[in-house]
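These are the residues of each chain, in order.
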Amino acid sequence: MTAQQPGANSVTKPSLETTVKMGEIAVSRDGGLLRTLLGSCLGVVLYDRRWRAAAMAHIVLPESRGQQEHLGKFADTAIPEMIRRLGSLLGDHPLKLTAKIAGGANMFAVNSAAATIGQQNVSAVEKLLDERRILIIGRHVGGTQGRRMALDVATGIVTIDVVGATSTEL
Amino acid sequence: MLTERQLDALTAVFREGAQDASLACSRWVGRTAQIVVQRVEQLDMGDAVAVLGASEEPISACIMAIEGRLTGGLMLAFDDASGWALTDLLLELPPGSCSAWGELERSAVLETTNIVGCAYLNSLSRLLQRLGEPPELMPSPPQFARDYASAILQSVFLNQVMSSDTIFLTETRFHLDGTPANWNLLFVPDADSIPTLRRMLA
């Protein structure tokens, strides 16, 4: 099970861990763990419980402004691409997706452009999911600390770790 | 993207900047400190967040924003043990005395960042002046953070990520009395400053 490059489309093997790096998307079915580390970036999980199929994206910025090279990097290209890859994974089965999101922290502002990007990512993803009638059933966003997000693909449970705090399940 | 030759030339430029920072750090800690610029790097954003090693490990970092002719961030990063060892040294306490991030410990590492960072920037400023560029470089007061390395670096890289998938950074190592210390000084210019750096090479 590996994180995929843009445009790649492979079925992942269960019982392994995949780290989803900045701007990447990974999909998995039946088992395994998808994980990512988040600061101001936003982690998005789309999950189909019937088929135990999941996609995770590590979104960096809210808008692609026409860029098509790194689809997982931007909210407006990552969400459609996650749905497309899950559709390819499940073939003819119609998708019935729910979402969980985490991240979007405002850790510190090295420059003014960075100060609000976390919240902008959250707002963009909320809007995109609402437009597609995908319900957000778990969220752990905002604040000033980073997060480790891990999805158990077999159960759909997302675990959030924050340095110095106990784990939270979504 | 910069060529290998340009990266080598910039590495030489930043090594000059590190000499003043080494001197300032030596005076501050009362030991022979050497700050060595390893290399000016261009890394894919997914790999750049691992530049400090294990990206899932909590680290501590002091971050200064830079304004002026060059803008960006300057970050002193260290693991807990190395940060507390520095505090012991500065407060003239027996090794192992500090073992938590209280106000005193944070203050010690923030002041160290201030001194080392300002010396580094002063040297770069003089270099800018020699090259006919406006020499102003203004650091913000440093901020302390303890978090996952990857999460901290995402925020530091954010400006560059807005316009590129490649991160340009200067990685620096410390030696104290000739022994490697587990501190890293990272200089991460904003995307708008990279053309200025190119001009410095011309």
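Structural data are supplied above this passage.
Report on the accompanying structure. Note that residues are indexed from 1 along each chain, following the sequence as it is written. For this description, chains carry letters from A and ligands carry numbers from 1, given in the order in which they are written. It should be noted that, the model being predicted, local features are given only for residues of pLDDT at least 70 and side-chain atom pairs only at 80 or more, the latter also being counted only at that level, while totals for whole chains, interfaces and linings use all residues. To get the side-chain values, all heavy atoms of the structure are used, and hydrogens and water are removed first.

## Some details on the pattern of salt bridges
Residues and elements named next belong to chain A.
- Counted as salt bridges are all cases of a side-chain nitrogen of Lys or Arg within 4 Å of a carboxyl oxygen of Asp or Glu. Applying the stated criterion across every chain, the model contains 11 salt bridges over all chains.
- Between E126 and R139 there is a salt bridge, with its nearest N and O atoms 2.4 Å apart. Here the residue E126 occupies a position in helix α3 (residues 117–131), and R139 occupies one in strand β7 (residues 135–141), the gap between them amounting to 13 residues.
- Residue class for R139 comes out partly exposed when judged on its relative accessible area of 40%.
- For R148, the salt bridge goes to D161, with nearest N and O atoms at 3.5 Å. Residue R148 is found in strand β8 (residues 147–152), and its partner D161 is found in strand β9 (residues 158–161); the two are separated by 13 residues along the sequence.
- Only protein chains enter the area calculation, which uses a 1.4 Å probe; residues under 20% of their type maximum are buried, those over 50% are exposed, and those in between are partly exposed. Given the relative accessible area of 21%, R148 is considered partly exposed.
- Given a relative accessible area of 16%, D161 falls into the buried group.
- Several salt bridges converge on common partners, so that one network encompasses E81, R84 and R85. The helix and strand labels rest on DSSP assignments: H or I over at least four residues marks a helix, E over at least two residues marks a strand, and numbering proceeds from the N terminus.

## Re the nonpolar core
Residue and element names in this part refer to chain B.
- For our purposes a nonpolar core is just a set of buried Ala, Val, Leu, Ile, Met, Phe, Trp, Tyr and Cys residues, chained together by side-chain atoms within 4.5 Å. Within the largest apolar cluster, 50 residues are counted, with the highest numbers of intra-cluster contacts made by M75, I152 and F157.
- Contacts were defined at the residue level, with two residues in contact if any of their heavy atoms lie within 4.5 Å. In this structure, F157 is in contact with A48, V49, I167, L169 and V188, ignoring residues within four places of it in sequence.
- By size, the runner-up hydrophobic cluster in this structure holds 48 residues, among which are L2, A33, L90 and A181.

## Comments concerning unusual backbone geometry
- A positive phi angle is found at R65 of chain A, which is not glycine, with a value near 45 degrees.
- Of note, R65 of chain A is situated in the loop between β5 (53–59) and α1 (75–90).
- If you check the backbone angles, E92 of chain B has positive phi at about 55 degrees while not being a glycine.
- Turning to its location among the elements, E92 of chain B is positioned in the loop between α3 (80–90) and α4 (103–130).

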